[in-house]
Amino acid sequence: MKNKLLLLFSFILLSSCNDTKTETNLEKIEHTEIKKEIKKAPLEGAWELVSFYNYVGDKVKDSSLTDANQRQIKLYTKEKFMWSKKRPADSTEWFAYGHYKLEDNMLIENVEYGSLTMDNIMKQRSSFGYELILNQDTFSQVELDENGSRIYSENYKRLE
C-alpha cells in the first residue's frame, strides 16, 4: 500500500510539473509572437506628426508638440509614400510624393515630385535617409549627422 501511495504521489507531482512547463513554454511562445508582431509592424497606413525631439549625442535634449493649427500627414503604401503639411499662417505649400524602402533600421525616401518648396530642395537632393524606430501605432524618423549621431526626430502616431 505504501508503494502504491508513493507511486501515485510521484505521478501527480510529475504531472503537475509537466503542466507548469507547458504553460511556461506557451507564455514564452506568446511573448515571442508579440515581439515578432511589434518588430514586423507595417509602415503602411496613415500617420500624423505629433512631436519633435532634438538630440545631443544620442539623448533627447528637448521635445516639442506640434502646433494644433498645423498638421502633417504621411501616407505609406507597400512602395510609395506621400506627405502634406498644412500651414495656414503662410501660403507656402508643402507636399511630396515618391517611393521608399526599408533597409535594416533605415527608412529611405526618394522624392519623385513635390510642391514648389520641395522642388527647390530637390535641386540639392531628392533622397532622404532616416533611422526608423517603428512600433505598432507610432514611428519616429530620426535625422542623423555624417557621423551617425542623432540630430532630431519627427514622431508620428498611426491614424489608420
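Everything here concerns the structure above.
### Points about the environment of Y130
Argument step 1. With respect to the helices and strands, Y130 occurs in strand β7 (residues 127–134).
Argument step 2. Taking the C-alpha atoms as reference points, Y130 and S153, separated by 23 residues in sequence, lie 8.8 Å from one another.
Argument step 3. Residue contacts for Y130: discarding those within four places in its chain leaves N105, M106, L107, E109, Q141, V142 and E143.

### Some details on the packing of aromatic side chains
Argument step 1. Counting across every chain of the model gives eight aromatic pairs.
Argument step 2. For the pair W47 and F139, a centre-to-centre distance of 4.9 Å together with 90° between the ring planes defines the contact as edge-to-face. Of this pair, W47 sits in strand β1 (residues 45–56) while F139 sits in strand β8 (residues 138–144), and the two are 92 residues apart along the sequence.
Argument step 3. Ring centres of F139 and Y156 lie 4.8 Å apart, and the angle between their planes is 10°; on these two criteria the pair is classed as stacked. Of this pair, F139 sits in strand β8 while Y156 sits in strand β9 (residues 150–158), placing them 17 residues apart in sequence. By the burial criterion, F139 is buried, and Y156 matches it.
Argument step 4. Members of the aromatic cluster, joined through ring pairs, are W47, Y76, F81, Y100, F139 and Y156.

Calculation rules
Residues numbered from 1 in each chain as written. Predicted model: local features only at pLDDT ≥ 70, side-chain atom pairs only at ≥ 80, totals over all residues. Heavy atoms only, no water. Helix = DSSP H or I, 4+ residues; strand = E, 2+ residues; numbered from the N terminus. Contact = heavy atoms within 4.5 Å. Phe/Tyr/Trp six-rings, centres within 6.5 Å; stacked < 30°, edge-to-face > 60°. Buried < 20%, exposed > 50% of the residue type's maximum accessible area, 1.4 Å probe, protein only.

Such coordinate-based values are descriptive only and should not be taken to indicate function.
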